[in-house]
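# Per-entry structural report
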Amino acid sequence: MNPTRGFSFVNLFLILLCIAVWVYEISLPPWELNGFIFQYGLVPAEIFNKPWTLITYIFIHGGWLHITGNMIYLWVFGDNVEDRLGHFKYLLFFITAGVFAGLTQAFVSFLFGNPYVPLIGASGAIAGVLGAYMYYFPYARVFGLIPVFIFLIPVEWSAAVFIGFWFLLQIVNGVLFLPYAHEGGVAWFAHIGGFLIGYAMAMLPDRLKRV
């Protein structure tokens, strides 16, 4: 992990908020949990009736692996992006990436999927964080594990290669699973949309300054 100049309390707050919502979720009986997800998750068909769900869906997760994976990525990459942007701007950045990711997935759901399947999870917003990290710190070293058959092979790549490979996987999986989008599953296009807006929000201020 890259060192930071200060304490990234907004990133920590976002992680704790997701965990708190998850703890509340698992305390609910199944029928109440289902209602909670449809009330505060992002249902594309109801996006105009419940626009606040473009934000609330970010903090809801569907399982232990879902929230654990998302929070690890946010913990590893989020603090450096917050350090670069500043606390308040980082919060706005995270929410904006999440909203754009939700809109991207909703658009795909209307065209190819089922607009009544709720979208939940912070992965779209975190994809935005990855996009910004790739722009700000392309040469930072990132340690990860690559699945090869039944083994996990440790690798250490530059952020540009690690995140670029991750983004390529989102595109490939998004295209491959598009015929099955009506069944729900992983929101690949939320990841794609979140990453693109995150990279753009990091890049554009620098480009405008140069102009």
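The present account deals with the structure reproduced in this document. What you see is a predicted model; the values in this text were computed from it and never measured.

## Describing helix H4 (residues 64-85)
Helix length check: H4 (22 residues) gives 30 Å between terminal C-alpha atoms against 32 Å at 1.5 Å per residue, within 8%. Helix geometry: H4 is bent most strongly at Gly78, by close to 40°. Within two residues after H4, Gly86 carries a phi angle of roughly 100°, on the positive side.

## Re the environment of Tyr199
The residue Tyr199 is located in helix H8 (residues 188-210) in this model. Between the C-alpha atom of Tyr199 and that of Tyr136, which follows or precedes it by 63 residues, the distance is 9.1 Å. Each residue touching Tyr199, except ones within four places of it in the same chain, is listed here: Gly128, Gly131, Ala132 and Tyr135.

## Description of helix H6 (residues 123-136)
Taking 1.5 Å of rise per residue, the 14 residues of H6 would be expected to cover 20 Å, and the 20 Å separating its terminal C-alpha atoms lies within 8% of that figure. Counting buried positions along H6 yields 14 of 14 residues, so the element is predominantly enclosed.

## Observations regarding the packing of H4 against H6
Between H4 and H6, whose axes approach to 9 Å, the crossing angle comes to 50°. The pairing of H4 with H6 is recorded here as oblique in orientation. Handedness of the H4/H6 crossing: left-handed. Contacts between H4 and H6 involve Asn70, Met71, Tyr73, Leu74, Phe77, Gly78, Asn80, Val81, Arg84 and Leu85 on the former and, on the latter, Ser123, Ile126, Val129, Leu130, Ala132, Tyr133 and Tyr136. Classifying every residue of the contact of H4 with H6 by side-chain character gives twelve nonpolar, four polar and one charged.

Criteria and cut-off values
Residues numbered from 1 in each chain as written. Predicted model: local features only at pLDDT ≥ 70, side-chain atom pairs only at ≥ 80, totals over all residues. Heavy atoms only, no water. Helix = DSSP H or I, 4+ residues; strand = E, 2+ residues; numbered from the N terminus. Expected span 1.5 Å × (residues − 1). Bend = angle between axes of the 7 residues up to and from the residue. Contact = heavy atoms within 4.5 Å. Buried < 20%, exposed > 50% of the residue type's maximum accessible area, 1.4 Å probe, protein only. Axes fitted to C-alpha atoms, helices over the stretch in contact; angles between N-to-C directions. Parallel < 35°, antiparallel > 145°, perpendicular 65-115°, else oblique. Left-handed = near helix turned anticlockwise from the far one by under 90°. Nonpolar A, V, L, I, M, F, W, Y, C, P; charged D, E, K, R; others polar.

The values reported here are purely geometric and, on their own, carry no functional implication.
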